[in-house]
Amino acid sequence: MLMTAGTVVRMRAARCWEEGSHSENSSMSQCAYPEDAAESELPDGCGLLHTSRKYLKLKNFEEEIRAHRDLDGFLDRASIILNETATSLDDVLRAMLLRLVHKPDNTESDCNLDLLMAVLFTDAGTPMEGKVHLLSDTIQGVTATVTGVQYQQSWLCIICTSKSLLKRHVCISRLVRPQNWGENCCEVRFVILVLAPPKMKSTKTATEVGRTFATMFLDITFRQKLLKTRTEEEFKEALVHQRQLLTMMDQGLTPSLKHYSISSICIPKSHQPLQQKDFFPVGKGIREDFARRFPVYPLDFTDGIIGKNKAVGKFITTTLFLYFACLLPTIAFGSLNDEITYGAIVIRGICDDYDLDFNTFYAWTGLWNSFFLTLYALFNFSLIMSLFKRSTEEIIALFISMTFVLDAVKGIVKIFQKYYGTSHGNHNADHISVLSLLGLGTSLNTSFHTALNTSLLANPPELTSVSSRSAEHSSRETAVLSLLIMLGTLWLSYTLYQFKKSPYLHPYMREILSDCALPISVLTFSIISSYGFQEINMSKFRYNPSERLFKIAEMQSLSLGAIGSAMGLGFLLSMLFFIEQNLVAALANAPENRLVKGTAYHWDLLLIAIINTGLSLFGMPWIHAAYPHSPLHVRALAVVEERVENGHIYETIVNVWETRLTTLGASILVGFSLLLLPLPLQWIPKPVLYGLFLYIALTSIDANQLFERMALLLKDQASYPPTHYIRRVPQRKIHYFTGLQVLQLLLLCAFGMSPLPYMKMIFPLIMMAMIPIRYKLLPRIIEAKYLDAMDAEH
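The shown structure was predicted, so the numbers you read here are calculated from the model rather than taken from an experiment.

Visitor: Would you mind going over the pattern of salt bridges with me for this structure?
Guide: Between side chains of opposite charge, a pair can form when the charged atoms approach closely. Applying the stated criterion to the full structure yields 23 salt bridges. Measuring nitrogen to oxygen at the nearest pair gives 2.9 Å for the salt bridge that ties Arg 211 to Glu 64. Of this pair, Arg 211 sits in helix H5 (residues 206-217) while Glu 64 sits in the loop between strand S5 (54-56) and helix H2 (65-76), and the two are 147 residues apart along the sequence. Here Glu 64 falls in the buried class, since its relative accessible area comes to 10%. Between Arg 66 and Asp 70 there is a salt bridge; the shortest N-O distance is 3.5 Å. You can see Arg 66 and its partner Asp 70 sitting in helix H2, four residues apart, about one turn around the helix. One network of salt bridges, with partners in common, ties together Lys 59, Glu 64, Glu 208, Arg 211 and Arg 727.

Visitor: Mind showing me how you'd approach the pairing of strand S1 (residues 2-5) here?
Guide: A regular strand places its side chains on the two faces of the sheet in alternate fashion. A two-sided burial pattern is seen for S1, the buried positions comprising Leu 2 and Thr 4 on one face and Met 3 and Ala 5 on the other. Pairing geometry for S1 and S5, over three bridges, is antiparallel. By the bridge assignment, Leu 2 is partnered in S5 with Leu 56.

Visitor: Hey, could you run me through the packing of aromatic side chains in this one?
Guide: For any pair of aromatic rings, the description rests on two quantities: the centre-to-centre distance and the angle between the ring planes. One pass over the full model with this rule turns up 21 aromatic pairs. Their ring planes at 35° and their centres at 6.3 Å tell us that Trp 155 and Phe 217 sit as a pair that is tilted. One end of the pair, Trp 155, is in strand S10 (residues 155-161); the other, Phe 217, is in helix H5, and 62 residues separate them in sequence. By relative accessible area, Trp 155 is classed as buried at 0%.

Visitor: Sorry, what's going on with the packing of helix H13 (residues 358-378) against helix H21 (residues 601-617) here?
Guide: When two helices pack together, their arrangement is captured by the angle between the axes and the distance separating the axes. Between H13 and H21, the least distance of the axes is 8 Å, while the angle of their chain directions is 165°. On the basis of the axis angle, H13 is roughly antiparallel to H21. Relative to H21, the crossing made by H13 is left-handed. Contact with H13, carried on its side by Tyr 362, Ala 363, Gly 366, Leu 367, Asn 369, Ser 370, Leu 373, Thr 374, Tyr 376 and Ala 377, involves His 602, Leu 605, Leu 606, Ile 608, Ala 609, Asn 612, Thr 613, Ser 616 and Leu 617 of H21 and no other residues of that element. Of the residues contributing to the contact of H13 with H21, the split by class is eleven nonpolar, eight polar and no charged.

Visitor: I would appreciate a short explanation of a nonpolar patch on the surface in the present structure.
Guide: On the surface, Phe 290, Phe 294, Tyr 297, Phe 301, Leu 664, Ile 668, Phe 672 and Leu 675 cluster together into a nonpolar patch covering about 830 Å² of accessible area. For the nonpolar patch, the element with the most residues is helix H23 (residues 661-672), which contributes three residues. With respect to the helices and strands, the residue Tyr 297 is situated in the loop between helix H9 (284-293) and helix H10 (299-302). Residue Tyr 297 is classed as partly exposed on the basis of its relative accessible area, which comes to 39%.

Visitor: Sorry, what's going on with the nonpolar core here?
Guide: Side chains of a nonpolar character, in soluble globular proteins, are inclined to be buried together. The biggest cluster of nonpolar side chains holds 99 residues, and the ones touching the most others in it are Leu 328, Leu 373, Ile 396, Leu 518 and Leu 748. Among residues more than four places away in sequence, those in contact with Ile 396 are Phe 388, Ile 579, Leu 583, Leu 748 and Met 767. Membership of the second largest hydrophobic core comes to 33 residues, among which are Leu 56, Cys 157, Ala 214 and Leu 226.

Visitor: Mind showing me how you'd approach the pairing of strand S8 (residues 138-145) here?
Guide: Burial analysis of S8 places six of its eight residues in the buried class, which makes it a mostly covered element. Pairing of S1 with S8 involves four bridges; the strand directions are antiparallel. For Ala 5, the partnering residue across the bridge sits in S8 and is Thr 138. Direction of pairing for S8 relative to S10: antiparallel, over a ladder of two bridges. The partner of Ile 139 across the bridge, within S10, is Cys 157. Here four bridges tie S8 to strand S9 (residues 148-151), and the two strands are oriented antiparallel to one another. Opposite Thr 145, over in S9, you have Gly 148 as the bridge partner.

Visitor: Explain the confidence of the model for the protein to me, please; I cannot follow it from the model alone.
Guide: Predicted coordinates in regions of low pLDDT should not be interpreted in detail. A residue-level look at the protein finds 79% of positions with pLDDT of 70 or above and a mean pLDDT of 78. The secondary structure element of the protein with the lowest average pLDDT is helix H16 (residues 453-457), at 35, and the one with the highest is H21, at 92. pLDDT under 50 marks residues 253-270. Its contacts with residues more than four places away, or in other chains, come to 24 contacts. Across residues 423-474, where pLDDT falls below 50, the model places 146 contacts with residues more than four positions away in sequence or in other chains.

Cut-offs applied
Residues numbered from 1 in each chain as written. Predicted model: local features only at pLDDT ≥ 70, side-chain atom pairs only at ≥ 80, totals over all residues. Heavy atoms only, no water. Salt bridge = Lys/Arg side-chain N within 4 Å of Asp/Glu carboxyl O. Helix = DSSP H or I, 4+ residues; strand = E, 2+ residues; numbered from the N terminus. Buried < 20%, exposed > 50% of the residue type's maximum accessible area, 1.4 Å probe, protein only. Pairing = 2+ DSSP bridges. Phe/Tyr/Trp six-rings, centres within 6.5 Å; stacked < 30°, edge-to-face > 60°. Axes fitted to C-alpha atoms, helices over the stretch in contact; angles between N-to-C directions. Parallel < 35°, antiparallel > 145°, perpendicular 65-115°, else oblique. Left-handed = near helix turned anticlockwise from the far one by under 90°. Contact = heavy atoms within 4.5 Å. Nonpolar A, V, L, I, M, F, W, Y, C, P; charged D, E, K, R; others polar. Patch = residues over 30% accessible without salt bridge, like charges linked within 9 Å, V, L, I, M, F, W, Y side chains within 5 Å. Areas by Shrake-Rupley, 256 points an atom, 1.4 Å probe, with all protein chains shown as cover. Core = buried A, V, L, I, M, F, W, Y, C linked by side-chain atoms within 4.5 Å. pLDDT = per-residue confidence, 0-100.

In structure tokens:
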């Protein structure tokens, strides 16, 4: 393994405590004897020295593309000194710097050798300046033993960052005889000097380049081979041969590296294609899911409640978040559908055209949908979702987030058309989407956890509401205030969501405010809008209390032809439900979320089919797993830590409270919300709901890798985070892959957001087409190893 440290090379100091001068694992200090402690001034030569050590991972030559590029760059501009006769470290380093400066292709015209020598050491400001040399930054090989850490003392890698440099430089010097340069450097034969400017891409820093060469020199067999080389060409050939050995991962590790690279190199798993036998016997997946989840089922209700580690407060705040996240989008989508469909679910238009009973046709469509979902669950079709790579899942997830933004924009545009301009807008019923015809509203998320949609959508335009439409008048104040309320809701909710990262208040209070960001912002701006601006008429959703919520459909009233048509719609709907349900489950169970109780894809799909069967008979909206509600729910129950890597701060989930109490509590609260209609729920203006849409969309893209790679196009390379794909994939390939993902996203938008109903009918097929695009088309453009690296979790 590798260790980076400030290594003591030569030290001459006055009287020191013995334990202070020989300490390796803590900050070293030099001070006077106890009897001199009372003196006002310390003797000459005494001071404080801070030493920091940390382990570095070995460079993975199989996966990290920079390992090969670092070596190729060195071979092209080789600076190798063989048989160096100098004995002091100062002379050796000065000779190496002179070799770099006097190279024919040197571009460092303003390079100052004395300045670079000063940067290599920490002499400036020391009590005995010029007499005590401490290297600023080094990398050495170490071996962990029972008695402690043993250093490989035959080589030393010195890394340095200087503003006077324009590009990176590497020089390797082989000494004629081993040199003793102090503790942990008693028999040095090789010195590796790495110089780099400060502002570099995270994978091109001096530490990263030093890690490349240090990984190669960790092998004692390789060092012995270098000692036998007689020319620079032989030295280069040995380097190339060592790189080949490090890259031969499929044949196992070389014996000399097995001792040092226990966990630093990973071998990619081979993908096993699905076979026909995987889908049989019938119900196998359901049985396995049930056997996996049933033993921990009681723990889903007791974890965090009983025992030492309690999380009651977090459960309460998460329940409130989930309640508002499920209820308010339901109202908002219902309101949008109410405007677009003139107060009725538009599938009624098809029923009117063909003289069909709406409730019956809706029920048959839902029953066929549940029938196909049951088949998918029994025949283990959820295994197909293993073909969806991470990149494909994130394309669909980002598309859904975009629908939230689009719905918010649509809503505020309609308000401006109604109140700001002279035209009240035209609503063309012919442009209603098939997803709306199926009861899904204007986006894929309308059916997510909706228990109130029917009551909101069933009001025909001629019925009156709490505020009569005849009383509405054109008011620019209403439009402008609506825009400010929407943006204010977004600002407050996202500010509170990020408040856990601020230094204010107690950490527990910061966490509560972050978890309750959504309800606090909604209540705040609802009060501001309803009481602070009472004279301004705000747009609110309509409610029809006369519509019956529980009305069983007359199943026998449809003809066979109409039932067949419902089967076609139900099949397309089942594909959409199948993809959405499994996609959201896969995102919620992503490895970085660290869930430990196991998955139940097949069992969950069967439960969705059973529940939707009852909902169809009563004409109520269908349900399935919700994005981004489910991943955000997991995040709300997670214990998150902030960590720093190469100057970049990132969050990682330590563990998640896996409980059913939060979803159960939120569902109960949604049910009781029927008692809050029409008031006080109708006090919530539409702009607040649109601000909620923007908040959900913004928080859902936090961990979306596609969005992060799109942001790289606008960033300086020095600001690139040290992610796994930055290390393993060339930058150009990353941007190519991002561009191809954006094209697929635009394809989804073209069909999923099209005003043409028939284009939306084949939207589920377009989602399924993402599989052959990933496996057949993309490998023809980008190498498969790079695709797999960008689809990897870490």
